[in-house]
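The residues making up each chain are set out below.
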Amino acid sequence: MPGTKKLLLIGGMPLLLLGSWFLPGWLGFLLTIALAKGLVVLGLLLLMRAGLVSFGQGLYYCLGAYTVGALGQYLETSNVLLLLPAALTAGLGVATLLGLLICRYRDIFFAMLSMAFSMILYGVLVKTMTFGSSDGFNVAPPSLFGWAPANDNGPLLTLWLALIITFIAALFVWRYLRSPMGYAAEAVRENEIRVEYLGRSVQRIIYTKYLLAAGHIDPEMAYWTTSGEFVFIALVGGTSHVAAPLLGAILFELLRTYAFEISPYTWQMILGISLLGIILFLPQGVWSLVERYQARLKSS
Amino acid sequence: MKLVIAMLMDGVIYASWLFVIAAGLTLIYGVMKILNMAHGSFYAIGAYSGASLVGIYLAGGNPVWGSYLVLLGAALVIGALVGLMAERGLLRFMYGRDEVVMILVTYGLLLILEDVIKLIWGVEAYSTYQPYTLLGRSKIAGLSFANYDFVLIGVSLLVGFLLWWGLNRTRSGKLLQVVIHDRNTASTQGINVTRMFTVTFVIGAVLGALAGALTAPGISVMPGLGVEVIVLAFAVVVIGGLGSVGGALVGALIVGLARAAAVHIYPDAELFVIYGVMALVLAFRPQGLFAIASARKI
Amino acid sequence: MQISLIKKTSVAGILVAATLSSAAFAADDYKLGLVTFLSGGAAGPFGVPAKNAADLTIEALNNGTLPAPYSSKGINGRTIVPVYVDEAGGATKQSSEYRSLVERRGVDAVLGYISSGDCLAIPAVAEQLKTLTVLFDCGTPRVFEENSYKYVFRTGPTATMDNVAAARYLKDNFEGLEAVSGINQNYSFGHDSWNDFIGTQQVLNASTKVSTKQFPKIYAGQYGAEISALMVNSSQVIHSSFWGGDMEAFLLQGAARGLFEEQTPLLTTGETAMFRLAEQIPEGTILGGRGPFGVYAPDNALNSWFRKAYTAKFGTPPTYPSYKMVQALLGLKLANEKAAEKVKGKPTQDDVIAAFEYLEYEGPGGTVKMNRGKGHQASMEMVYGRFTNKNGKPAITDVRRYVADCVTPPEGVSSSEWIEQGLKGAKCN
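1. With respect to a nonpolar patch on the surface
All names here are of chain B.
Step number 1: The grouping of V4, L8, L249, L253 and L257 at the surface amounts to a nonpolar patch, some 370 Å² of accessible area in total.
Step number 2: Those elements that provide at least two residues to the nonpolar patch are α1 (2-32) and α11 (245-265).
Step number 3: With respect to the secondary-structure elements, V4 resides in helix α1.

2. Here's the deal with the side chain of Q201(C)
Step number 1: Within the element layout of this structure, Q201(C) appears in helix α7 (residues 188-204).
Step number 2: Taking relative accessible area as the criterion, Q201(C) reaches 3% and is therefore assigned buried.

3. Details of the state of the cysteines
All names here are of chain C.
Step number 1: This structure, assessed with the given rule, holds two disulfides over all chains.
Step number 2: For C119, the disulfide goes to C138, at an S-S distance of 2.0 Å. Across the S-S bond of C119 and C138 the torsion is about -95°, and the bridge reads as left-handed. With C119 in helix α4 (residues 116-129) and C138 in the loop between β4 (133-135) and α5 (142-146), the pair connects residues that are 19 residues apart, well separated along the chain.
Step number 3: By relative accessible area, which is 0% here, C119 ends up buried.

4. Structural notes on helix α10 (residues 225-240) of chain B
All names here are of chain B.
Step number 1: Across its 16 residues, α10 extends 24 Å between first and last C-alpha, which sits within 8% of the 22 Å expected from 1.5 Å per residue.
Step number 2: Burial analysis of α10 places 15 of its 16 residues in the buried class, the great majority of the element.
Step number 3: Positive backbone phi, approximately 105°, marks G241, located one or two places after α10.

5. Some points on the interface of chain B and chain C
Step number 1: Counting residues at the interface gives 34 residues for chain B and 40 residues for chain C.
Step number 2: Between chain B and chain C the total buried area reaches about 2900 Å² when both faces are included, carbon and sulfur atoms providing 58% of it.
Step number 3: When residues of chain B are sorted by the area they lose upon contact with chain C, Y129(B), R137(B) and E228(B) head the list and together hold 17% of the total.
Step number 4: Our count for the contact surface shared by chain B and chain C stands at three salt bridges.
Step number 5: Of the charged contacts, one joins R259(B) and E226(C) as a salt bridge, the two residues approaching to 2.8 Å between their closest N and O atoms.
Step number 6: At the boundary of chain B and chain C, one finds 13 residue pairs in polar contact (both at pLDDT 80 or more).
Step number 7: Residue contributions to the side of chain B that touches chain C peak at five residues, all from α1(B).
Step number 8: Tallied by class, residues from the side of chain B that touches chain C come to 19 nonpolar, eight polar and seven charged.

6. Observations concerning the packing of aromatic side chains
Step number 1: Evaluation of the coordinates by the stated rule reveals 32 aromatic pairs over all chains.
Step number 2: Ring geometry for F306(C) and Y323(C): centres 5.1 Å apart, planes at 85°, overall edge-to-face. Here Y323(C) lies in helix α11 (residues 320-343) and F306(C) lies in helix α10 (residues 301-314), a separation of 17 residues in the sequence.
Step number 3: By way of ring pairs, the aromatic residues F293(C), W305(C), F306(C), Y310(C), F314(C) and Y323(C) are connected into one cluster.
Step number 4: Sitting over the face of the ring of F260(A), K93(C) holds its NZ or CZ atom 4.7 Å from the ring centroid.

7. Observations concerning the pairing of strand β9 (residues 264-267) of chain C
Residues and elements named next belong to chain C.
Step number 1: Residues T264 and L266 line one face of β9 and the alternating positions P265 and L267 line the opposite face, and both faces are buried.
Step number 2: Relative to β9, strand β8 (residues 237-240) runs parallel, the two being bridged by four bridges. When the sheet's bridge partners are listed, H239 is paired in β9 with L266.
Step number 3: Viewed along the sheet, the connection from β8 through helix α9 (residues 244-256) into β9 turns out right-handed.
Step number 4: When β9 meets strand β10 (residues 286-288), the two strands line up parallel, connected through two bridges.

About the cut-offs
- Residues numbered from 1 in each chain as written.
- Chains lettered and ligands numbered in written order.
- Predicted model: local features only at pLDDT ≥ 70, side-chain atom pairs only at ≥ 80, totals over all residues.
- Heavy atoms only, no water.
- Patch = residues over 30% accessible without salt bridge, like charges linked within 9 Å, V, L, I, M, F, W, Y side chains within 5 Å.
- Areas by Shrake-Rupley, 256 points an atom, 1.4 Å probe, with all protein chains shown as cover.
- Salt bridge = Lys/Arg side-chain N within 4 Å of Asp/Glu carboxyl O.
- Helix = DSSP H or I, 4+ residues; strand = E, 2+ residues; numbered from the N terminus.
- Buried < 20%, exposed > 50% of the residue type's maximum accessible area, 1.4 Å probe, protein only.
- Disulfide = S-S within 2.5 Å.
- Expected span 1.5 Å × (residues − 1).
- Contact = heavy atoms within 4.5 Å.
- Buried area = accessible area lost by both parts, 1.4 Å probe.
- Polar contact = N/O pair within 3.5 Å; in protein donor to acceptor, adjacent residues only side chain to side chain.
- Nonpolar A, V, L, I, M, F, W, Y, C, P; charged D, E, K, R; others polar.
- Phe/Tyr/Trp six-rings, centres within 6.5 Å; stacked < 30°, edge-to-face > 60°.
- Lys NZ or Arg CZ within 6 Å of the ring centre and 35° of its normal.
- Pairing = 2+ DSSP bridges.
- Right-handed = clockwise from strand over helix to strand, strands pointing away.

No statement about biological role is implied by the geometric values presented.
Encoded structure:
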């Protein structure tokens, strides 16, 4: 990474955090959700680089959320420095276990098996009355040792956290993709032979294990449609750059919000047509537009 | 004893319902390598056309027995039409893409069709129970079963037989098997793969619509119908082995019996028994029970 | 790199938002966010009937053609402009949509929500954004039992009374009831319904046995195995809180197999199917309407206007979700106008909230008393009756009405505690 770019990145962060203060609440909320989803998709991107698509990524999303929710309820804490590592550990534990089993699979079978596990979690949660069954329950807004910054539109800490964690995770993934390991993943896809390493790749996904953002959690997070949404986002964004899933997630959330607004009765159709349009005309995802633009800049 | 018979009967009836849905899905996958999410929409369209046309037919004061023909006709004509439009109008532009991309393409199609269904039929429920109740019921070991459900078993056996016969005993079926085995070689041998694709997709769509039309009399046809069955059908197909019609039959039986056993013995497990079975089968047979062997690219 | 892009996108988002939200709305309009299911399995039985009722009522309110005391135009003379949003997508999505409604589209109030999950999630956001919000249909008692809110009201009674009243009805009509069984959907509403029902049943008649309890997946559609299980483990009454398509499918499939010939179904939401499936509902089926709605609605001017107008416009008589929608709209209107009367001018939101608390008013379903949840939660009477189609005309017999205090826990007691403690403090007629 050239020095100036790095500087820009590091300098941009506080600016962005500051700027978030002035965002209208709905956009801040939408961004938080989009970043949380982008983070999940970032994990998905790693898998897709290795030629694997998971239709069960919702499992980790849901697991992280419930870890945070359950701890918040039983320990009555909202301290992110406690909740996040806990969610991470839970995700890591399950991912390691499942990774051992799942890493033998590929293609559709990988997708379907991961979906099956996610659906089993869904089934368990729906049966768990202490967690409110399918209604779920509310989670207190997070704090940092009791400190919870807010503006008129609601708490800001979640958005900041989402920004910082996404940033760190993206940086990490970016480095990773350029490491020998990362190239190995490309190689895996190229000749479709699984390498033991895949188990480890699954572990990377645990970076996505958190969702303090929504304030409300329910088992639907582990339902297959949620996982499908992540794959949707991955394709919208593209997999060629770490920023692509984030861009994809933000675009997806905006698209859906406006589809709801423009056509409350037929918003699914708008989503479907956009999806088909992107697959047809931008097979590398929206990020390819950015790449094209960059290429033009370079050539001129 | 009563319990065992109940479990068997329930399992088989449920399995025959699942099989008609899953057969089209697995056929399309076997030939085209498309895991068709829009299959759920075909199912829903079949159910809506069946229910609404039977409604119109009966409102005209026609005899109830004729409604079976209406159901069948609706599934055939409308299923074929929708399948043809989907394949010619959309999918053919996407051939050669990654399997996962194709899932997303059909997901997009599913989203669009969900709203098209709403625009055509609205959101209110359609129920046309006359074909379902006309046949009466019979008792087995002291338990009543609707005779319509026995017809369903018959239809699903017939579908299974026709598919087997078509694939193994007819010329075009054998050509299709060549396509299934190796698409590229098939096309170099002069087989019109494009036409095969279209025909397969239309047959698959008709089967989806047929499943919907046959289900319609026993339920209330409402929005969101298709999305619910699609994951079930996926589970069946994956258990049986993607692309194998015989596998789908076995998969349907396993799922049906497992679910019936859960309902009778331990109802709390109803929701995860299907996915549990799926995870279990895949743990021992990573490709499903009857997967078609495929060459590994090295 | 990625960061500057996020920024660009968000800026673009704001710009798009700004242009869209400045769409021409007269300053004098009362913009009302209306959230119900417009897609998915809950759209047909609940979402769209509620939306239809809203369209009808808002039009009548804006024209000032409703019977007194609702005959003044709009809300305080302001024309009501509905902004519809689909309730699909889950609680997180709805929180996001709620923020859009309030912050971007500038609605004066939000009215809606059918799903209990949404009703649990939305109030927290409503408090943050300090926006008057009326929940109209969702049933979970947890909303005001676990929390208290300033800006949130629920004009529909909770689901607790459906099942408490169901058990009371059995006590009053089925002497020597020995066994019941249940089939409910495997999600919160289904579990809660069954627990409330069987809890009350055991309070009222401790010797009742449970033959079997089934919890099939919501929207499953195929109940063959469950019906067999209900036949094998037979009882006198089958309790079910199935709704919409699931309830109708269960009715059709059960009737076709003769399930209901020896066992009486008790359908807590059965009223919605009463006219649609009149031929298929077994004689004597116990039907609930989740309150004094539909066929159970009292004979008042408002109800006769509503039934007539709704049937004329949509070709079918209104069911309970439609009633609950009208009830919510009327409550909102009345609270606004009472507040205006009190301050003799344009009321602030806080004035409206003060007027809404402990409000008592008449809706098409009779008297609504906002006397639970610190004045934010309605209580109403509950009615059960049995279906009959003897004269070729679907009707209800053996109607029993239970006053609110008989089937609703007293203020400050949660539903589950109340049932556990043997319905202490219930005042029955």
